[in-house]
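# Coordinate inspection notes
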Amino acid sequence: MPNRKQSEEPTMVRHGWQGVTVAIPEEWNIGAISGDNTAGYARWDDDEMPRLEIKWASEKGFVDLNSVIDKYLKDLQKGRKKKDPEIHIERDIKLPGKSKRKKAGVKCFHWKGGVEGYGAAWICKECGRTMIAQVMVPPGQDEEEARDLAGSIMLGIEDHPRDGWVLWSAYGMDCWIPEDFKLSGQRLMAGLIEFSFEKETETIKVARWGMANVALKRKSLKEWTGGEMAKDFRKHAADAEESEVKGHEALDISGSNIAGVQLLHRFYFHCTGKLFADHFLAKAWHCEPTNSIHYVETYLDRENVGLVDEIVGRVECHPGCNDGAEGNEPS
Ligand SMILES: [Zn+2]
Ligand SMILES: [Zn+2]
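Heads up: these notes are all about the structure in this document.

About the thresholds
- Residues numbered from 1 in each chain as written.
- Chains lettered and ligands numbered in written order.
- Predicted model: local features only at pLDDT ≥ 70, side-chain atom pairs only at ≥ 80, totals over all residues.
- Heavy atoms only, no water.
- Pairing = 2+ DSSP bridges.
- Helix = DSSP H or I, 4+ residues; strand = E, 2+ residues; numbered from the N terminus.
- Axes fitted to C-alpha atoms, helices over the stretch in contact; angles between N-to-C directions.
- Contact = heavy atoms within 4.5 Å.
- Donors = N, O, S within 2.8 Å, 3.2 Å for Na, K, Ca; no water.
- Buried < 20%, exposed > 50% of the residue type's maximum accessible area, 1.4 Å probe, protein only.
- Arc of directions from axis to C-beta.
- Lys, Arg positive; Asp, Glu negative; His and termini not counted.
- Salt bridge = Lys/Arg side-chain N within 4 Å of Asp/Glu carboxyl O.
- Polar contact = N/O pair within 3.5 Å; in protein donor to acceptor, adjacent residues only side chain to side chain.

Our focus in this paragraph is the sheet that holds strand β8 (residues 116–123). Through backbone hydrogen bonds, the strands of a sheet pair up, either in parallel or in antiparallel fashion. With antiparallel pairing, the 7 strands of this open sheet are ordered in space as β3-β4-β5-β9-β8-β7-β6. The two strands at the open ends of the sheet, each matched to only one other strand, are β3 (29–35) and β6 (88–93). Averaged over all neighbouring strand pairs, the angle between strand axes comes to 15°, with direction disregarded. Across the sheet, helix α2 (residues 143–155) lies against β5 (50–58), β7 (107–112), β8 and β9 (129–137), angled at about 25° from β8, the strand it touches most.

For the zinc ion (ligand 2), the full set of protein donor atoms is His248 (NE2), Cys287 (SG), Cys317 (SG) and His318 (ND1), and the range of their distances to it is 2.0 to 2.3 Å. Summarised as a motif, the one-chain spacing of the donors to the zinc ion (ligand 2) is H-x38-C-x29-C-H. Remark: Cys287 occurs in strand β17 (residues 279–287) and His248 occurs in strand β16 (residues 248–255); sequence separation between them is 39 residues. Here Cys287 falls in the buried class, since its relative accessible area comes to 0%.

Those residues of helix α7 (residues 307–314) that fall on the buried side of the exposure criterion are Leu307, Val308, Ile311, Val312 and Arg314. One side of α7 holds all its buried residues, which, seen down the axis, span an arc of 165°. Its buried side turned inward, α7 meets β10 (165–170), β11 (173–178), β14 (202–209), β15 (238–245), β17 and β18 (292–300).

Ordered by their spatial adjacency, 7 strands build an open sheet running β12-β13-β14-β18-β17-β16-β15, and the pairing between neighbours is antiparallel. Of all strands in the sheet, those bounded by a partner on one side alone are β12 (182–188) and β15. Neighbouring strand axes in the sheet, compared pairwise and without regard to direction, differ in orientation by 15° on average. Two elements, β14 and β18, share 7 bridges in a ladder whose sense is antiparallel. When the bridges of β18 are listed, Thr203 appears paired with Tyr299. Of the strands in this sheet, β14, β15, β16, β17 and β18 touch helix α4 (residues 221–228), which is tilted by about 45° from β16.

With respect to the helices and strands, the residue His88 is situated in strand β6. Residues His88 and Gly324, 236 residues apart in the sequence, show an inter-C-alpha distance of 51 Å. His88 has contacts with His110, Trp111 and Lys112, leaving out every residue within four places of it along the chain.

On the secondary structure map, Val245 appears in strand β15. Residue classification places Val245 among the buried residues on the basis of a relative accessible area of 6%. Separated by 43 residues in sequence, Val245 and Glu202 place their C-alpha atoms 24 Å apart. Each residue touching Val245, except ones within four places of it in the same chain, is listed here: Ala250, Lys283, Trp285 and Val312.

Glancing now at the pairing of β14. Residues in a regular strand point their side chains to alternate faces of the sheet. Along β14, 7 of the 8 residues are buried, which leaves the element largely enclosed by surrounding structure. As defined by bridge partners, strand β13 (residues 192–199) adjoins β14 across 8 bridges and the pair is classed as antiparallel. Residue pairing across strands places Glu198 opposite Thr203, the latter belonging to β14. As consecutive antiparallel partners, β13 and β14 are separated by 2 residues, and within that stretch Glu200 has a phi angle of approximately 50°, a positive value.

Here we take up the side chain of Arg129. Looking at the secondary structure, you find Arg129 in strand β9. The side chain of Arg129 sits in the buried core without any salt bridge; Asp159 is the nearest counter-charge, 6.1 Å away. A polar side-chain atom of Arg129 sits 2.8 Å from the main-chain carbonyl oxygen of Asp159.

Next up on the list: the pattern of salt bridges. If you walk through the whole model with that rule in mind, you get 15 salt bridges. Among the salt bridges present, the one from Asp45 reaches Arg43, with a minimum N-O distance of 2.8 Å. With a relative accessible area of 18%, Asp45 lands in the buried category. Note that Lys283 is salt-bridged to Asp252, the shortest N-O span being 2.5 Å. Highlighted residues: Lys283 in strand β17 and Asp252 in strand β16, separated in sequence by 31 residues. Residue Lys283 is classed as buried on the basis of its relative accessible area, which comes to 12%. A cluster of three or more residues bridged by salt bridges with shared partners is formed by Lys71, Asp75 and Lys78.

Fair warning: the whole summary comes from geometry, so function is off the table for now.
So this is what it looks like as structure tokens:
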């Protein structure tokens, strides 16, 4: 078993899901996700065990934080197997760490049984989300280091989006999407990470493929992207032109405008003050330093055609690629 005691501070990487943003050690990766923006759960694991769990819920009316924690700890006890040691719980402990947002009344706790963990719970005054997080401690870790890490992770959690943009990340792929778009699908596979979003008729898709050197061995970027996205390209009669993104070989993809019955739908939507997706715009690019192919696809109302460039601009395909770029997300 590797020595867990780390004398150096771990490199922290920012992750986001459903409006929750958290900085965690770079070796931790998403292990489980469920629910949605209203109520959900995410877990990040290291190579050996779950390390961080975050639960969020938006409940109307008064929420008693103490009873939320009571229930949480009761479930923890219930999950204990007979042969496991008894779980000892310490309530209302103090954890070190800086709170980025006002977490008035954040309550921290510690528990130790077969596994050990630190927890924190709070209700955000701004967005109303009830948050509960816990960091699990691997056996043999230095107590002070474990506390420091747990505190800095949990008290650094941002529980709602900032400036209207939501960070979505998995396995090193990050993208920022406007908060009014909801996640409608995801594919988390070894060679492909893909997120889909929707807002009424409008849709956004962001994808990253690995092993670009293999994918592009016998095919141009245009041939390859056309093959992968054949369904979408056909549907929108899309055409691609060569261009450049962040200094990489890229494609500008656009679809022809709508016709027939769609025109009537658009007319109706616009008459009722709603947006109607009829502009298909996408970009694909080959990031050599990370050996990956990135793709951002938007199908949006004419009012939102600038969004594809904003989303592409915020993608960090390789470290430092956005340095000096305007509108760069501050870290
Ligand atoms: Zn909040
Ligand atoms: Zn790049």
